Amino acid sequence: MRMLHTSDWHLGRSFHRVPLLDAQAAFLDHLVATVQQREVDVVLVSGDVYDRAVPPLTAVELFDRALHRLAAIGVPTVMISGNHDSARRLGVGAGLFDRAGIHLRTDPESCATPVVLTDGHGDVALYGLPYLEPALVKDTLRAAKAGHEAVLTAAMDRVRADLATRPAGTRSVVLAHAFVAGGEPSDSERDITVGGVAAVPAGVFDGVDYVALGHLHGSQRVTSRVRYSGSPLAYSFSEADHRKTMWLIELDGSGALAAEERIDCPVERPLARLRGRLDALLEDPALDRHEHAWVEATLTDPVRPADPMARLTARFPHTLSLVFDPERPPEDPLASYAQRLQGRDDHQIAEDFVAHVRGGSGPSDPERTVLRAAFDDVRVDDSVREVSR
């Protein structure tokens, strides 16, 4: 069975206030063309279809057209909701869509109810695990505790139990939206791990033939059978070096990967991250190749130059981001505060603040628990508010 694995479309998202709808439409054209040209048997979309719970109408229309085109060519599509989606909104009409071969899996209660497809070797059971917010689904899934690993383990236990009831030789595929240990994140993913374990182990997904992951925006293998497709477009300058692709995966009759291929996505405009003094960036002939790229420029001039954006856009007209990082010795008290925060999540920053105001003594274990619970409560409240809007 030949599967096309994609995720993280983020329809409706902009890039530094530049609308991306045309680029997203070009990707969906490419997706449909690939399905037809490569004789794909099923399309897997592993969450974050939209960029927010209440997407703009233009994004909804784009999604609607894509579904109609996939249904028209008769290729089944299995799709789950991600942490950016409103599961309720995305799942509206799921029962009707099933009849057209568009299988939306947005309800945690249905995670062990697969879409069953058949080829010359027998059945393939495809299970859709929507994004599981631990505090909201712990009781539903009867998880041991409210953590990402616990709720995913509970969901996968249900999947394995259902799979055990199916005919011998049934192959299995799981779609999930999560941060799995070994994956490399970028700046554009909304954090889904605040207050919990940073990532869940890949072993949570043991017992199935292929795991189609979403959430991280770089295409990557966690193991040979557990993979991220990544986003089809770059959504932050941290993705400048990404190769944006979809996975074309072929399962043989035993469930082994008979073939794998990365299918490149169209690039409307490349990204470039430039760093140096302003005069050097304006004069270096080696940078000619970036004159048509979206540019993030980090200026290292010790003194901020005059009119830097105007001067940069004269050579690099698509400059979108300007960062100042003056060259200073490490001991300089004016060293960038942003540098000290780089790579630290909100919970770590809060702990650092406690240590700072106490003169070096960080929070106790009970205080860490309170901080973690506060961040979790805010995240869950945000999720509930988005769904109810």
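To be clear, the structure that these remarks concern was listed above.
Residues numbered from 1 in each chain as written. Predicted model: local features only at pLDDT ≥ 70, side-chain atom pairs only at ≥ 80, totals over all residues. Heavy atoms only, no water.

### What about the overall build of the chain?
Part 1 of the argument: Counting secondary structure elements, the chain contains eleven helices and 17 strands.
Part 2 of the argument: The buried share of the chain, taken over its 389 residues, is 48%.
Part 3 of the argument: Here the contacts in the chain between residues at least 6 apart in sequence split such that 68% fall between residues at least 24 apart.
Part 4 of the argument: Carbon and sulfur atoms provide 51% of the accessible area of the chain, an area that totals close to 18400 Å². (Helix = DSSP H or I, 4+ residues; strand = E, 2+ residues; numbered from the N terminus. Buried < 20%, exposed > 50% of the residue type's maximum accessible area, 1.4 Å probe, protein only. Contact = heavy atoms within 4.5 Å. Areas by Shrake-Rupley, 256 points an atom, 1.4 Å probe, with all protein chains shown as cover.)

### Observations regarding the sheet that holds strand E16 (residues 294–299)
Part 1 of the argument: Reading across from one edge, E15-E16-E17 is the order of the three strands in this open sheet, with parallel pairing throughout. Each edge of the sheet is formed by a strand with only one pairing partner; in this case those strands are strand E15 (271–276) and strand E17 (319–324). On average, each strand axis in the sheet is inclined to that of its neighbour by 15 degrees, with strand direction left out of account.
Part 2 of the argument: Bridge count between E15 and E16: six bridges; the pairing is parallel. If you follow Gly 276 over to E16, its bridge partner there is Leu 299.
Part 3 of the argument: The sheet strands contacting helix H8 (residues 308–315) are E16 and E17, and the helix crosses E17 at an angle near 135 degrees. (Pairing = 2+ DSSP bridges. Axes fitted to C-alpha atoms, helices over the stretch in contact; angles between N-to-C directions.)

### A look at the sheet that holds strand E12 (residues 226–228)
Hydrogen bonds between backbone atoms are what pair the strands of a sheet, whose relative direction is either parallel or antiparallel.
Part 1 of the argument: With respect to topology, six strands assemble into an open sheet ordered E7-E8-E9-E10-E12-E11, the strand pairing being mixed. Single-partner strands in this sheet number two, and they are strand E7 (115–119) and strand E11 (220–221).
Part 2 of the argument: Along the sheet face, helix H6 (residues 148–164) touches strand E8 (122–129) and strand E9 (171–177) and points at about 160 degrees away from the line of E8.

### Comments concerning unusual backbone geometry
Part 1 of the argument: For Arg 17, which is not glycine, the phi dihedral falls at a positive 75 degrees.
Part 2 of the argument: The phi dihedral of Asp 307 is positive, around 45 degrees, even though this residue is not glycine.
Part 3 of the argument: Position of Asp 307 relative to the elements: it lies in the loop between E16 and H8.

### Section: the pattern of salt bridges
Part 1 of the argument: Applying the stated criterion across every chain yields a total of 23 salt bridges.
Part 2 of the argument: Lys 244 is the salt-bridge partner of Glu 239, the closest N and O atoms lying 2.6 Å from each other.
Part 3 of the argument: We classify Lys 244 as buried; its relative accessible area is 10%.
Part 4 of the argument: Sharing partners across several salt bridges, the network here consists of Arg 221, Arg 227 and Glu 260. (Salt bridge = Lys/Arg side-chain N within 4 Å of Asp/Glu carboxyl O.)

### Notes on the packing of aromatic side chains
Part 1 of the argument: Counted under the stated rule, the structure contains three aromatic pairs.
Part 2 of the argument: Ring centres of Phe 15 and Phe 237 lie 5.0 Å apart, and the angle between their planes is 55 degrees; on these two criteria the pair is classed as tilted. Note that Phe 15 is positioned in strand E2 (residues 14–15) and Phe 237 in the loop between E12 and strand E13 (245–251), a separation of 222 residues in sequence.
Part 3 of the argument: Above the plane of the ring of Trp 247 lies Arg 262, whose end atom (NZ or CZ) is 6.0 Å from the centre.
Part 4 of the argument: Over the ring of Trp 294 we find Arg 269, and its NZ or CZ is 4.9 Å from the ring centre. (Phe/Tyr/Trp six-rings, centres within 6.5 Å; stacked < 30°, edge-to-face > 60°. Lys NZ or Arg CZ within 6 Å of the ring centre and 35° of its normal.)

### A closer look at the pairing of strand E4 (residues 42–46)
Across a regular strand the side chains alternate sides, sitting on one face of the sheet and then on the other.
Part 1 of the argument: Burial of E4 is extensive: five of the five residues sit out of reach of the surface.
Part 2 of the argument: The two faces of E4 match: Val 42, Leu 44 and Ser 46 on one face and Val 43 and Val 45 on the other face are all buried.
Part 3 of the argument: Strand direction decides the pairing type here: strand E1 (residues 2–6) and E4, joined by four bridges, are parallel. Residue pairing across strands places Met 3 opposite Val 42, the latter belonging to E4.
Part 4 of the argument: Here E4 pairs with strand E5 (residues 77–80) via four bridges, running parallel.

### Let's talk about H6
Part 1 of the argument: If you check H6, its first and last C-alpha atoms are 24 Å apart, about what 17 residues at 1.5 Å a residue would give, namely 24 Å.
Part 2 of the argument: Within the span of H6, buried status applies to His 148, Ala 150, Val 151, Leu 152, Ala 154, Ala 155, Met 156, Val 159, Asp 162 and Leu 163. (Expected span 1.5 Å × (residues − 1).)

### Here we look at the nonpolar core
Part 1 of the argument: Counting 38 residues, the largest nonpolar core has Trp 9, Leu 11, Val 49 and Phe 63 as the members making the most contacts within it.
Part 2 of the argument: Breaking this core down by element, the ones donating at least two residues are helix H1 (21–37), E4, helix H2 (57–72), strand E6 (102–105) and E13.
Part 3 of the argument: Contacts of Leu 11, omitting those with residues within four sequence positions, involve Gln 24, Leu 28, Val 49, Tyr 50, Asp 51, Ala 59, Leu 62 and Phe 63.
Part 4 of the argument: Tyr 127, Leu 129, Met 156 and Ala 176 belong to the second-largest nonpolar core, a separate cluster that totals 32 residues. (Core = buried A, V, L, I, M, F, W, Y, C linked by side-chain atoms within 4.5 Å.)

### As for the environment of Met 309
Part 1 of the argument: Locating Met 309 in the fold gives a position in helix H8.
Part 2 of the argument: C-alpha of Met 309 to C-alpha of Leu 322: the two residues are 13 residues apart in sequence and 7.2 Å apart in space.
Part 3 of the argument: Excluding residues within four positions of it along the chain, Met 309 makes contact with Thr 319 and Leu 322.

### Points about the packing of helix H5 (residues 134–141) against H6
Part 1 of the argument: Axis separation between H5 and H6 bottoms out at 9 Å; the angle between their running directions is 35 degrees. Where H5 crosses over H6, the two elements pack in a sense that is left-handed. Seen from H5, the contacting residues are Pro 134, Val 137, Lys 138, Thr 140 and Leu 141; seen from H6, they are His 148, Val 151, Ala 154, Ala 155 and Arg 158.
Part 2 of the argument: Of the residues belonging to the contact of H5 with H6, the class tally is six nonpolar, two polar and two charged. (Left-handed = near helix turned anticlockwise from the far one by under 90°. Nonpolar A, V, L, I, M, F, W, Y, C, P; charged D, E, K, R; others polar.)

Coordinates in, geometry out; function isn't part of it.
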